[in-house]
Amino acid sequence: MATPFAIVVPFDAEVTLVAETNHAIGLRSSEGIELLIHLGIDTVELKGEGFKPQVKQGDQVTQGDLLMEMVVESIKEAGYDPVVLSIVTNTADYLDVISTATEEDIVVGDNIAAAIN
């Protein structure tokens with residue numbers, strides 16, 4: 001059996017969405033940042049295969065909590081790209097949203113972006 005890849009909460013938030021097909025999760029931070037975490041490209045076609053959500057809509061979560069387990073090997077075997085996209089969906093509410101991440105592996109607790117009011 002393939003080892004699942006852990007998707008964790010980047011900041012304290014409320015879970016605003018768990019897609020029916022489990023390929024996307026929405027979060028809203030206490031500061032109002034709305035983040036969509038999209039798991040893979042065209043993975044909606046998998047109808048939930050390869051994804052195991054650990055939260056549900058309405059849950060309050062803390063930075064580092066497990067959001068989702070994603071079986072990268074099975075997603076690749078099905079012919080899909082398992083890239084994980086983090087998209088701030090309310091950028092119009094901020095002067096700027098900038099990436100602070102490098103191309104190195106990101107670990108829990110790393111700052112990867114900043115939203116400037």
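Summarised in this report is the structure supplied together with it. Fair warning: this is a prediction, and the values are worked out from it, not measured in the lab. (Residues numbered from 1 in each chain as written. Predicted model: local features only at pLDDT ≥ 70, side-chain atom pairs only at ≥ 80, totals over all residues. Heavy atoms only, no water.)

Let us now look at the sheet that holds strand E4 (residues 34-41). In space, the five strands of this open sheet follow the order E6-E2-E3-E4-E8, with antiparallel pairing throughout. Of all strands in the sheet, those with a lone pairing partner are strand E6 (60-61) and strand E8 (81-88), marking the two edges. With five bridges connecting them, strand E2 (residues 13-18) and strand E3 (residues 24-29) associate as antiparallel partners. By the bridge assignment for E3, Val15 is matched with Leu27. (Pairing = 2+ DSSP bridges. Helix = DSSP H or I, 4+ residues; strand = E, 2+ residues; numbered from the N terminus.)

What follows deals with a nonpolar patch on the surface. On the surface, a nonpolar cluster with roughly 260 Å² of combined accessible area is contributed by Ile41, Val83, Leu85 and Ile87. It is E8 that contributes the most residues to the nonpolar patch, three residues altogether. Tracing the backbone through its elements, the reader meets Leu85 in strand E8. On the basis of relative accessibility, which here comes to 31%, the residue Leu85 falls in the partly exposed class. (Patch = residues over 30% accessible without salt bridge, like charges linked within 9 Å, V, L, I, M, F, W, Y side chains within 5 Å. Areas by Shrake-Rupley, 256 points an atom, 1.4 Å probe, with all protein chains shown as cover. Salt bridge = Lys/Arg side-chain N within 4 Å of Asp/Glu carboxyl O. Buried < 20%, exposed > 50% of the residue type's maximum accessible area, 1.4 Å probe, protein only.)

Turning our eyes to something else, we now look at the pattern of salt bridges. Tallied over the full model, the rule gives three salt bridges. When the shortest N-O distance is used, the salt bridge between Arg28 and Glu14 registers 3.6 Å. Of this pair, Arg28 sits in strand E3 while Glu14 sits in strand E2; the two residues are 14 residues apart in sequence, bridging distant segments of the chain. Taking the relative accessible area as the measure of exposure, Arg28 reaches 35% and is therefore partly exposed. The exposure class of Glu14 is partly exposed, given its relative accessible area of 28%. With a shortest N-O distance of 3.1 Å, Lys56 and Asp59 are connected by a salt bridge. Exposure remark for Lys56: the relative accessible area of 54% places this residue in the exposed category. Residue classification places Asp59 among the buried positions, given a relative accessible area of 19%.

Once that is clear, we can look at the pairing of E3. One face of the sheet, then the other: side chains in a regular strand alternate in exactly this way. Judged by how many residues are buried, E3 sits mostly within the fold: five of six residues are covered. In sequence, E2 turns back onto E3 through a hairpin of five residues, with Asn22 there showing a positive phi of about 65°. Across five bridges, E3 lies against E4 in antiparallel orientation. Bridging across to E4, Leu27 finds its partner in Leu35.

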